[in-house]
Amino acid sequence: MISYSQAYKIIQNELQKLKPDTEEVDLLNSLNRILAEDVYADTNLPPFDNSAMDGYAVKFNPSSKQWKLIGEISAGNYNRFTLDDDSAVLIMTGSKLPANTSAVIPIEDVVIENGYVKLAEGKSFKKYQHIRKMGEDLSAGILALNKNQLITSNKISLLGACGKAKVTVYRKLKFGVLATGDELVDIDSKISGDKIRATNLYSIITAVNEFNMDAINFGFVTDNKEKIKTKLVEAFESDIDILLTTGGVSVGKYDYLKELFTELGIEIKFFKVNIKPGKPLVFGVYNKKRIMFVFGLPGNPVSSYVNFKIFIKSAVLELFGIKNERIVKAELSEPVTKKDDKRNFLRGMLEFNPEKGKYFVKAAQAQSSADMARLANVNCLIVVEEERTNPQKGEEVECIII
Ligand code: AMP
Ligand code: MG
């Protein structure tokens, strides 16, 4: 059985064979997409010397205390003035400065008397104050944003200022999601007998959507070899990049997925990883008309979700050069029971303690891989490495924020 790190490396290497295309989108549609071009400033930022305040533009002279008001300039309405030692122009924030401006005195710091601007009692000013120089934020031709980063809302104004009405982003990867199990019924069904609601479909599809990739719902199918095969063929004939199945990958009598993957010509790269939850995890490559990848996720709802987060989401984002995992170091506020030699990903509650200036984390009491109630009420996965047993209160652990 391979380790978490070995499995992750294999996935990472294989996924590199997916060469994602790019497409152009409108700036307004670029949020949470991955930038696929280096963006350069096509103009100076700011494009001209301008005022940082509503005030009076003057030519700096330390001995001047009053100036004749010769006109005004508001943002977008430049008027040509040339300042000398004794003149001032009323200027609004963002307005282009008149020639010879070497200071802007804020409105609050002056009094106006008989057409003259006078420094108010007790106020002083410095050379170059409240002036924003052309290109001081970014010069024309300089790299504004590197490719291979997530376009978050804080980057939109810069993209707009560089004239990017259209942005080149990577095409979203398309995931297919298929659940298997005789016990599954629709989530809007009344529960009776030995049936359960097919929740994995929903958790995995939304986990895909959460990082802004596309998911196609292939529904759920009973543990019938022929029926599963038909669904798998349908999925492989579609335009998905990655197929995610849940259930049927363990050693149960009706666990057909791995066998079917092989029958359909999928090259299995591994089928068990030394982790908890979710030891059975099948990863395969289907290379017929074009390359596709398959993950056979375990059926237990916590296992399938955790495996998606710790393997698939991270590896896919890294394919685009994005280090995704939000990992924080935290101190265990209670001891944890962990006796096996697997890498454990325990459900935990992480909290920042402002007095102590660090994070503390507490593992959920129950760690069953079927326990959706615990999963829904935690905010992280506590990583307990293979060689580590029973970490004690006060020990440091890494936590993956979910
Ligand atoms: P399996 O991996 O098929 O052996 O399933 C392991 C456990 O996960 C069983 O208890 C299943 O009933 C449960 N399970 C399988 N598929 C789903 C699903 N789509 N939603 C919720 N639970 C599931
Ligand atoms: Mg099953």
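If you're wondering where the values come from, they're calculated on a predicted model, not measured in any experiment.

1. Looking at unusual backbone geometry
A cis amide bond links Leu45 to the next residue, Pro46, at an omega of -5°. Turning to its location among the elements, Pro46 is positioned in the loop between strand 2 (39-40) and strand 3 (50-51). Each neighbour pair has its own omega, and for Lys276 with Pro277 the value is 0°, a cis peptide bond. By the secondary structure assignment, Pro277 is in the loop between strand 19 (275-276) and strand 20 (280-287). We note that Asn32 has phi near 65°; this positive angle belongs to a residue other than glycine. Along the polypeptide, Asn32 turns up in the loop between strand 1 (22-26) and strand 2. We note that Asn212 has phi near 65°; this positive angle belongs to a residue other than glycine. Here Asn212 is to be found in the loop between helix 3 (199-210) and strand 16 (214-221).

2. Some remarks on the site of ligand 1
Within the structure, ligand 1 sits among 15 residues, and Glu183, Asn200, Gly248, Gly299 and Asn300 are positioned closest to it. Between ligand 1 and the protein, one listed contact pairs a nitrogen atom with a backbone N or O atom of Thr199 at 3.1 Å. Here an oxygen atom of ligand 1 sits 3.0 Å away from a polar atom, N or O, in the main chain of Gly299. Protein burial of ligand 1: of its 490 Å² of free accessible surface, 76% is covered by the chains. Looking at the shell around ligand 1, the elements with two or more residues in it are strand 13 (174-180), strand 15 (196-197) and helix 3.

3. Points about a nonpolar patch on the surface
On the surface, Tyr40, Ile142 and Leu143 cluster together into a nonpolar patch covering about 260 Å² of accessible area. Residue position: Ile142 is located in the loop between strand 10 (131-132) and strand 11 (143-145).

4. Side note on the nonpolar core
In this structure, Phe175, Ile242, Leu244, Phe311 and Val316 are the most contacted members of the largest nonpolar core, which totals 51 residues. Where this core is concerned, the elements lending two or more residues are helix 1 (4-15), strand 13, helix 3, strand 17 (242-246), strand 20, strand 21 (291-297), helix 6 (301-319) and strand 25 (380-384). Top element by residues in this core is helix 6. It accounts for 10 residues. Aside from chain neighbours lying at most four places away, what touches Phe175 is Val208, Phe211, Met213, Asp214, Ala215, Ile216, Ile240, Ile242, Leu244, Phe308, Ile312 and Val316. Formed by 20 residues, the second largest nonpolar core is a distinct cluster that contains Phe218, Leu243, Leu260 and Met292.

Reading the values: rules and limits
- Residues numbered from 1 in each chain as written.
- Chains lettered and ligands numbered in written order.
- Predicted model: local features only at pLDDT ≥ 70, side-chain atom pairs only at ≥ 80, totals over all residues.
- Heavy atoms only, no water.
- Helix = DSSP H or I, 4+ residues; strand = E, 2+ residues; numbered from the N terminus.
- Near = heavy atom within 4 Å.
- Polar contact = N/O pair within 3.5 Å; in protein donor to acceptor, adjacent residues only side chain to side chain.
- Areas by Shrake-Rupley, 256 points an atom, 1.4 Å probe, with all protein chains shown as cover.
- Patch = residues over 30% accessible without salt bridge, like charges linked within 9 Å, V, L, I, M, F, W, Y side chains within 5 Å.
- Salt bridge = Lys/Arg side-chain N within 4 Å of Asp/Glu carboxyl O.
- Core = buried A, V, L, I, M, F, W, Y, C linked by side-chain atoms within 4.5 Å.
- Buried < 20%, exposed > 50% of the residue type's maximum accessible area, 1.4 Å probe, protein only.
- Contact = heavy atoms within 4.5 Å.

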